[in-house]
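One letter stands for each residue in the lines below.
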There are 2 protein chains.
Amino acid sequence: MKIKRSERLIDMTHYLSEHPRELVSLTFFAERYASAKSSISEDLVIVKETFENRGIGTLQTVPGAAGGVRFIPGVRKDQAEEALSVLSEQVSRSDRLLPGGYLFMTDILGDIHLMNHVGKLFAGAFANEQIDLVMTVATKGIGIAHAAARYLGVPVVVARRDSKVTEGSTVSINYVSGSSKRIQTMVLSKRSVKQGARVLIVDDFMKAGGTAAGMKNLLEEFSATVAGVGIFIESEQEAGEERLVEDYISLLKLRSVDEKGKTIQIETGNYFDRVSSFLKQ
Amino acid sequence: MKIKRSERLIDMTHYLSEHPRELVSLTFFAERYASAKSSISEDLVIVKETFENRGIGTLQTVPGAAGGVRFIPGVRKDQAEEALSVLSEQVSRSDRLLPGGYLFMTDILGDIHLMNHVGKLFAGAFANEQIDLVMTVATKGIGIAHAAARYLGVPVVVARRDSKVTEGSTVSINYVSGSSKRIQTMVLSKRSVKQGARVLIVDDFMKAGGTAAGMKNLLEEFSATVAGVGIFIESEQEAGEERLVEDYISLLKLRSVDEKGKTIQIETGNYFDRVSSFLKQ
């Protein structure tokens, strides 16, 4: 039975959203909807236009027999600004202030709507990069990693602080946490990263960058390439302090914390300095 | 400018998919598309029909002034069978066998497509339950928790083995791991669960059920209610062994592991015994 255009558009939208950056052939859709390829092509033009108009992303067309279409999630600049302002407002709420000037972030990292924003922002920032994997270190970055990976259509690998029997053989490195100067260990299962893989490193927080640098070193052991580093919140650099990682994209920047006055000053990170390609407005 | 039906259908599908179980008013869509509510109602009939036909879920209509529409993700029985067979095939691959009869599962837990299946299966199983939160314990269940939470439209909370300064005040319990009989600790930030919250507990693996029982006990300290327990893989019960948690839904069951013969026997868990409502075929 031939499927109506409206049904095709709805199902295509859903299918493509769940399979970002995956090459889907016209034949696949033609068979799925028992429709002519010419109709499918027309549908895809409509989907592409709407995805772009609505700031969902774009469709890349790959011509030829092995060709098809690929949904690349993206954001418009105004959407990115809006998302960053939502995130910034959440992070700067004064009730997150913990003794010692720490911030309580667990609720944000577990909020799937906020994580969707974060995932989309990272996917948009790295839309033109080839990325095979998203990597983070346990525990707090895992939600961010899954969100980014979902919009990038790639798997997540998680480095751990300790080795567990269920990880099989592992590669372990020692690194110096930049801010506390303590020696820490990071362990990654040998099977989890293939040689030559292009990896996006993400984490929830970066101060001196020791953990991110540790992940970079660990990836070197796998002969993998760092395709990018995405940080949710970076802290203001202290005078004379050197960042161990220079090339990163941060969504937010923690400018200052006033424990007595109970205020948290948050501003946008380097996102708009580093990211130049957005969906058209 | 009035928006065409095709564009409305595409954007609605995307919007609803990203906001599962959230009540969206007709006015919201009417303003978003500068269209009459009567047109929006017609659109929603088409979306509902397609979501049901395609096994994406259904739309619940809430009548009245404060009403609107709610997207409830779901699965058809044949899709659940298909998803479970994909998962089962992945888990039973003989190269996952580690010394000691352990299974390497890290790649599966980081595979967002497989996690989408898992999330959808749990969301379908608990589609008719009121759920406010998904809870798991660090580290391996976190990907599953985020996947389930995404389809249920609720936040994730993660209990930890140790207390960290960034968690603020915490509640901690000791519990006996059912299989190893060791005493373990589980810690949850005080702010993360509200009194009376209805919580879905998920985990990657269950043997005697000590960890799941620990999470249940921990939730009692918060006066929260366990709305359900979802387990990715349960292991075969040994003779005379008692399960510490009886009321759970498992996707898969690990029947046996033959280290010498390098085989892993996996079958479907109790999913179809416990879950009775599916989308119509």
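Residues numbered from 1 in each chain as written. Chains lettered and ligands numbered in written order. Predicted model: local features only at pLDDT ≥ 70, side-chain atom pairs only at ≥ 80, totals over all residues. Heavy atoms only, no water.

## Considering the packing of helix α1 (residues 5-18) of chain A against helix α3 (residues 37-53) of chain B
Helices that pack against each other are described as a pair by the angle of their axes relative to one another and the distance between those axes. For clarity, the cut-off: Note on method: axes are straight lines fitted to C-alpha atoms, helices fitted across the in-contact stretch only, with angles between N-to-C directions ranging 0 to 180 degrees. Think of it this way: any DSSP run of H or I at least four residues long counts as a helix, any run of E at least two long counts as a strand, and we number them from the N terminus. Crossing handedness is read from the near helix: turned anticlockwise from the far helix by less than a right angle, it gives a left-handed crossing, and turned clockwise, a right-handed one. What makes two residues a contact is simply this: any of their non-hydrogen atoms within 4.5 Å. Gly is put with the polar residues, along with every residue not named as nonpolar or charged; the nonpolar set is Ala, Val, Leu, Ile, Met, Phe, Trp, Tyr, Cys and Pro, and the charged set is Asp, Glu, Lys and Arg.
Interhelical geometry of α1 of chain A versus α3 of chain B gives an angle of 65° and a closest axis separation of 9 Å. For the pair α1 of chain A and α3 of chain B, the sense of crossing is right-handed. Here S6, E7, I10 and D11 of chain A of α1 of chain A lie close against α3 of chain B, whose contacting residues are I46, V47, T50, F51 and N53 of chain B. Residues that form the contact of α1 of chain A with α3 of chain B fall into these classes: four nonpolar, three polar and two charged.

## Topic: the relation of the copies chain A and chain B
Convention followed: All copies are superposed by least squares; the fitting set is the C-alpha atoms of residues with a pLDDT of at least 70 in both.
It takes a turn of 180° to lay chain A on chain B, together with a shift of 0.0 Å along the axis; the resulting RMSD is 0.0 Å. Overall, the copies show the geometry of a two-fold rotation axis. When C-alpha positions in chain A are compared against the rotation axis, the closest is assigned to I10 of chain A, at 2.8 Å. Mapped onto chain B, 100% of the interface residues of chain A are again interface residues, and the two copies thus contact each other with one and the same surface.

## Things to note about the domain arrangement of chain A
Reports of interface size often rely on the accessible area that becomes lost once the parts have come together. All names here are of chain A. The condition is simple: Domain boundaries shown here were taken from an automatic or database domain assignment. When two components associate, each loses some accessible surface as probed by a 1.4 Å sphere; the sum of these losses over both components is called the buried area. For salt bridges, the criterion is a side-chain nitrogen of Lys or Arg within 4 Å of an Asp or Glu carboxyl oxygen. As used in this structure description, the phrase polar contact means that two N or O atoms lie within 3.5 Å; if the pair is within protein, one of them must be able to donate a hydrogen and the other to accept it, and residues adjacent in sequence are counted only when both atoms belong to side chains.
As assigned here, chain A comprises domain 1 (5-73) and domain 2 (77-275). One C-alpha centre belongs to domain 1, the other to domain 2, and the line joining them spans 32 Å. On the side of domain 2, twelve residues touch domain 1, which itself brings six residues to the contact. Summed over both sides, the interface between domain 1 and domain 2 buries roughly 650 Å², with carbon and sulfur atoms accounting for 43% of that surface. The largest share of the area that domain 1 buries against domain 2 comes from P20, R21 and P73, three residues that together contribute 71% of it. In this assembly, domain 1 and domain 2 are joined by zero salt bridges. For the pair domain 1 and domain 2, the number of links is five residue pairs in polar contact (both at pLDDT 80 or more). Taken together, the residues of the side of domain 1 that touches domain 2 break down into three nonpolar, one polar and two charged.

## Focus on the UniProt feature "domain: Bacterial purine repressor N-terminal" (unreviewed entry) in chain A
This is how it is decided: UniProt positions are given in the numbering used here, feature names are shortened, and annotations may be inferred rather than shown by experiment.
In this numbering, the UniProt entry assigns the feature "domain: Bacterial purine repressor N-terminal" (unreviewed entry) to residues 4-73 of chain A. Between the C-alpha atoms that bound residues 4-73 of chain A the distance is 26 Å, and the span itself is 54% helix and 17% strand.

## Thoughts on the nonpolar core
What counts, and what does not: Throughout this description, the term nonpolar core refers to a set of buried Ala, Val, Leu, Ile, Met, Phe, Trp, Tyr and Cys residues connected via side-chain atoms within 4.5 Å. Three labels apply to residues, based on accessible area from a 1.4 Å probe with only protein chains included: buried if under 20% of the type maximum, exposed if over 50%, partly exposed otherwise in between.
The biggest cluster of nonpolar side chains holds 95 residues, and the ones touching the most others in it are F232, L251 and Y271 of chain A together with F232, L251 and Y271 of chain B. Residues contacting L251 of chain B, with those up to four places away along its chain left out, are L84, L87, V118, L121, F122, I231, F232, T268, G269 and Y271 of chain B.

## Structural notes on the environment of L103 of chain A
Note on placement: L103 of chain A falls in the loop between α4 (77-91) and α5 (106-109). Dropping the residues within four chain positions of it, L103 of chain A is found in contact with V91, R96, L97, L98, L254, V257 and I264 of chain A together with T166 of chain B.

## A look at the interface of chain A and chain B
On the side of chain B, 58 residues touch chain A, which itself brings 56 residues to the contact. Buried area between chain A and chain B, summed over both chains or domains, comes out near 4,900 Å², and the portion from carbon and sulfur atoms is 59%. The largest per-residue losses of area from chain A upon contact with chain B belong to I10, R54 and I112 of chain A, which jointly make up 14% of the total buried on that side. Linking chain A with chain B are four salt bridges, by the criterion used here. The partner of R54 of chain A in a salt bridge is E7 of chain B, with the nearest N and O atoms 3.3 Å apart.

## Side note on the pattern of salt bridges
Residue and element names in this part refer to chain A. Applying the stated criterion to the full structure yields 38 salt bridges over all chains. Across the pair E236 and K253 runs a salt bridge whose closest N-O atoms are separated by 3.4 Å. Of this pair, E236 sits in the loop between β8 (225-235) and β9 (249-258) while K253 sits in strand β9, placing them 17 residues apart in sequence. According to the relative accessible area criterion, E236 is partly exposed, its value standing at 24%. Look at the salt bridges and you will find they share partners, linking R5, R8, E42 and D43 into a network.

## So, the side chain of D204 of chain B
When you line up the elements, D204 of chain B lands in strand β7 (residues 198-206). The contact partners of D204 of chain B, leaving out residues within four places of it in the chain, are L109, K140, G141, I144, F232 and I233 of chain B.

## What to know about the side chain of R21 of chain B
All names here are of chain B. Selection criterion: None of His or the chain ends enter the tally, which takes Lys and Arg as positive and Asp and Glu as negative.
For R21, the location among the structural elements is in the loop between α1 (5-18) and α2 (26-32). Buried R21, no salt bridge; nearest opposite-charge side chain is D132, N-O distance 7.7 Å. One polar contact links the side chain of R21 to the main-chain carbonyl oxygen of A127, over a distance of 3.2 Å. Excluding anything up to four places from it in sequence, R21 contacts R70, F71, I72, P73, F126, A127, E129, Q130, I131, Y151 and L152.

## Details of the pairing of strand β10 (residues 263-268) of chain A
The cut-off we apply is this: Strand pairing is assigned whenever DSSP detects at least two bridges linking the two strands.
As defined by bridge partners, β9 of chain A adjoins β10 of chain A across six bridges and the pair is classed as antiparallel. Each bridged residue has a counterpart across the sheet, and for L252 of chain A the counterpart in β10 of chain A is T268 of chain A.

## Quick word on the packing of aromatic side chains
Spelled out, the test is: Each aromatic pair joins two rings of Phe, Tyr and Trp (for Trp, the six-membered one) with centres within 6.5 Å, and gets the label stacked for planes under 30 degrees apart, edge-to-face for over 60, and tilted for any other angle. Charge-over-ring contacts are defined here by two conditions on Lys NZ or Arg CZ: a distance within 6 Å of the ring centre and an angle within 35 degrees of the ring normal.
Inspection of every chain in the model, using the stated rule, returns 16 aromatic pairs over all chains. Judged by centre distance (5.0 Å) and plane angle (40°), the rings of Y15 of chain B and F28 of chain B are tilted. Of this pair, Y15 of chain B sits in helix α1 while F28 of chain B sits in helix α2, and the two are 13 residues apart along the sequence. Relative accessible area serves as the criterion here: at 14%, Y15 of chain B is assigned to the buried category. Aromatic side chains Y271 of chain B and F272 of chain B sit 5.5 Å apart centroid to centroid with 90° between the ring planes, which places their arrangement in the edge-to-face category. In this structure F272 of chain B comes out as partly exposed when scored by relative accessible area, which is 23%. In textbook terms, an aromatic cluster arises when at least three aromatic residues are bridged by ring pairs, as seen for Y15, F28, F29 and Y33 of chain A. Between R191 of chain A and the ring centre of F104 of chain B, over which it is positioned, the NZ or CZ distance is 4.6 Å. Taking the ring centre of Y248 of chain A as reference, the NZ or CZ of R274 of chain A above it sits at 5.8 Å.

## Here we look at the pairing of strand β5 (residues 170-176) of chain B
All names here are of chain B. Side chains of β5 alternate between two faces, with V171, I173 and Y175 buried and T170, S172, N174 and V176 left unburied. Alignment of β5 against strand β6 (residues 183-189), held across seven bridges, turns out to be antiparallel. Pairing of Y175 across the sheet is with Q184, part of β6.

## Looking at unusual backbone geometry
With an omega of 5°, the peptide bond between A138 of chain A and T139 of chain A qualifies as cis. Note that T139 of chain A resides in the loop between β3 (133-137) and α7 (142-152). In this structure, S223 of chain B takes a positive phi of about 50° despite not being glycine. Among the secondary structure elements, S223 of chain B is positioned in the loop between α8 (210-221) and β8 (225-235). Even without being a glycine, K262 of chain B presents a positive backbone phi close to 55°. Residue position: K262 of chain B is located in the loop between β9 (249-258) and β10 (263-268). K262 of chain B gets classed as exposed once you look at its relative accessible area, which sits at 53%.

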